[in-house]
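# Structural overview for review
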Amino acid sequence: DQRSRFEQAVFSVQAYAISRRAGVPECFISYAWGVAEHEHWVEKNLAMDLQKAGIKVVLDRWENCRAGKSVSRFVNRIAECSIIIPVGTPMYLAKFRNNVSDAGSVVAAEVDLISQRLLGTESEKESVLPVLLAGEKKTSLPPLMLDRVHCDFRDAKAYFMTSFDLILDLYGISHLDQAVVDLRELLCQTGPEELANKSMVGPPSS
């Protein structure tokens, strides 16, 4: 029921974003390999749900197939994307510090480029939206990201609400916008039948 409600709400938000002629963000997801559960969550939950919302997602497991498995070409996509979403886990921080392999890590290269934004203008800083998946901020994210955690996904029960709010933020839709307030409430409280009745969202009537 939660999944059904969430996907209906996301469809409505996408339709609303289109009606507002909002630009479609392109998001680069930076995360660490090494923990199967986290890898699965990033691809099958976060990335796929953002994609279902109409958001363009750059993910290594998808992108490298199209780019001929060129790591350097993939990492350079960071400069092309409007939004960067680092996924904080203890493995992410370890790979940023190059503590996992003598050969270095792709995460370290990605964070080098992400850090350029975090040291740039305010608009560049705001284009980096770290999320926390496991551990604590200090044990899961590089120093420049500690004060910029945008979403906390550690509570699995709150996944759909947290993801929904992230999607709103990516589209630049206020959580208080009357077109989505009811959807947020229904996502928490009611079943898919009631949500379907309010699936056509739009600005409040005058």
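No experiment lies behind these values; they were computed from the predicted model shown.

What follows concerns the pairing of strand β3 (residues 83–88). A large share of β3 lies buried, amounting to 6 of its 6 residues. Covered by surrounding structure in β3 are I83, I85 and V87 together with I84, P86 and G88, the residues of both alternating faces. With 4 bridges joining them, strand β1 (residues 26–30) and β3 adopt parallel strand pairing. Considered in β3, the bridge of C27 is made with I83. Across 2 bridges, β3 lies against strand β4 (residues 131–132) in parallel orientation. Directly across from G88, in β4, lies its bridge partner L132.

Their axes nearest at 10 Å, the elements helix α1 (residues 2–19) and helix α9 (residues 159–171) cross at an angle of 10 degrees. Viewed along their axes, α1 and α9 adopt a mutual orientation that is roughly parallel. Here Q2, R3, F6, A9, V10, V13, Q14 and A17 of α1 come into contact with α9, specifically with Y159, F160, S163, F164, I167, L168 and Y171. Of the residues in the contact of α1 with α9, the class split is 11 nonpolar, 3 polar and 1 charged.

Reading the values: the criteria
Residues numbered from 1 in each chain as written. Predicted model: local features only at pLDDT ≥ 70, side-chain atom pairs only at ≥ 80, totals over all residues. Heavy atoms only, no water. Buried < 20%, exposed > 50% of the residue type's maximum accessible area, 1.4 Å probe, protein only. Helix = DSSP H or I, 4+ residues; strand = E, 2+ residues; numbered from the N terminus. Pairing = 2+ DSSP bridges. Axes fitted to C-alpha atoms, helices over the stretch in contact; angles between N-to-C directions. Parallel < 35°, antiparallel > 145°, perpendicular 65-115°, else oblique. Contact = heavy atoms within 4.5 Å. Nonpolar A, V, L, I, M, F, W, Y, C, P; charged D, E, K, R; others polar.

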